Amino acid sequence: MKPLYTLGLAALLPFVAFAQEAQAIDPSVQVEVETEAEALPYGPRDAADVVFEDLMYKQRPVVVFGDSPEDPNFLRQMELLQRDLPALELRDVALIIDTDPEGRGAWRTRLRPRGFSLVLMDKDLRPVIRKPLPWEVREIVAAIDKFPLRRQEMLERNPAGRR
């Protein structure tokens, strides 16, 4: 049986070489590639720049409130978030920060934080979890993966339910 496999593979070898030659790129040919404007790098956005309703069913907000930009809990939370931004981006998270309690913006008016607060919201803009202390990204991701809409997204991406 082995000689038969060897013979079959040897018969296909010339076709492989031909396919590689056909796909070779000629360096003398100039190809223009139109690129869209570079997307902004993923990261935290100021609450004043984000319209609450624009995120509906598009992104799930994770809002970090602080009484000032120098709040130790706020600084610790931002440090923890910076460690694994790709995991949050994969889950369609919009990182929103608000360190101006006097501003009375739409996010503060709607969520009513007291001091430092971490609020995890689902894509339907419903607050699901509120935390008074900083959380690691792995804890945030684990909590998000338990949200009903996130579970539905994971099943749609992989109907068998396996990763």
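Residues numbered from 1 in each chain as written. Predicted model: local features only at pLDDT ≥ 70, side-chain atom pairs only at ≥ 80, totals over all residues. Heavy atoms only, no water.

**With respect to the overall build of the protein**
- If you tally the helices and strands in the protein, you get six helices and five strands.
- Going from the N terminus to the C terminus, the protein shows its helices and strands as α-β-β-α-α-β-α-β-β-α-α.
- Residue burial in the protein is summarised as follows: out of 163 residues, 31% are buried.
- Restricting the contact set of the protein to residue pairs at least 6 apart, pairs at least 24 apart contribute 72%.
- Accessible area of the protein: about 11700 Å², with a carbon and sulfur share of 56%. (Helix = DSSP H or I, 4+ residues; strand = E, 2+ residues; numbered from the N terminus. Buried < 20%, exposed > 50% of the residue type's maximum accessible area, 1.4 Å probe, protein only. Contact = heavy atoms within 4.5 Å. Areas by Shrake-Rupley, 256 points an atom, 1.4 Å probe, with all protein chains shown as cover.)

**Digging into unusual backbone geometry**
- At aspartate 92, a residue that is not glycine, the phi angle is positive and equals roughly 60°.
- Relative to the assigned elements, aspartate 92 resides in the loop between helix H3 (85–90) and strand S3 (93–98).
- For arginine 104, which is not glycine, the phi dihedral falls at a positive 50°.
- Among the structural elements, arginine 104 can be located in the loop between S3 and helix H4 (106–111).

**Examining the confidence of the model for the protein**
- Counting all residues, the mean pLDDT for the protein is 83, and 74% of those residues have values of 70 or more.
- Segment residues 33–37: pLDDT under 50, and zero contacts once partners within four positions in sequence are set aside and those in other chains are kept. (pLDDT = per-residue confidence, 0-100.)

**Some words on the sheet that holds strand S5 (residues 127–131)**
- With respect to topology, five strands assemble into an open sheet ordered S1-S3-S2-S4-S5, the strand pairing being mixed. Every interior strand has two partners, whereas the edge strands, strand S1 (45–46) and S5, have only one.
- Against the sheet, helix H2 (residues 72–82) contacts strand S2 (60–65), S3 and strand S4 (117–121), and its axis sits at roughly 145° relative to S2. (Pairing = 2+ DSSP bridges. Axes fitted to C-alpha atoms, helices over the stretch in contact; angles between N-to-C directions.)

**A closer look at the pairing of S5**
- Where S4 and S5 come together, four bridges link them in antiparallel fashion. Bridging across to S5, leucine 118 finds its partner in lysine 131.
- Taking the residues that link successive antiparallel strands as the turn, the S4-S5 hairpin has five residues, and the phi of leucine 125 there is positive, at about 60°.

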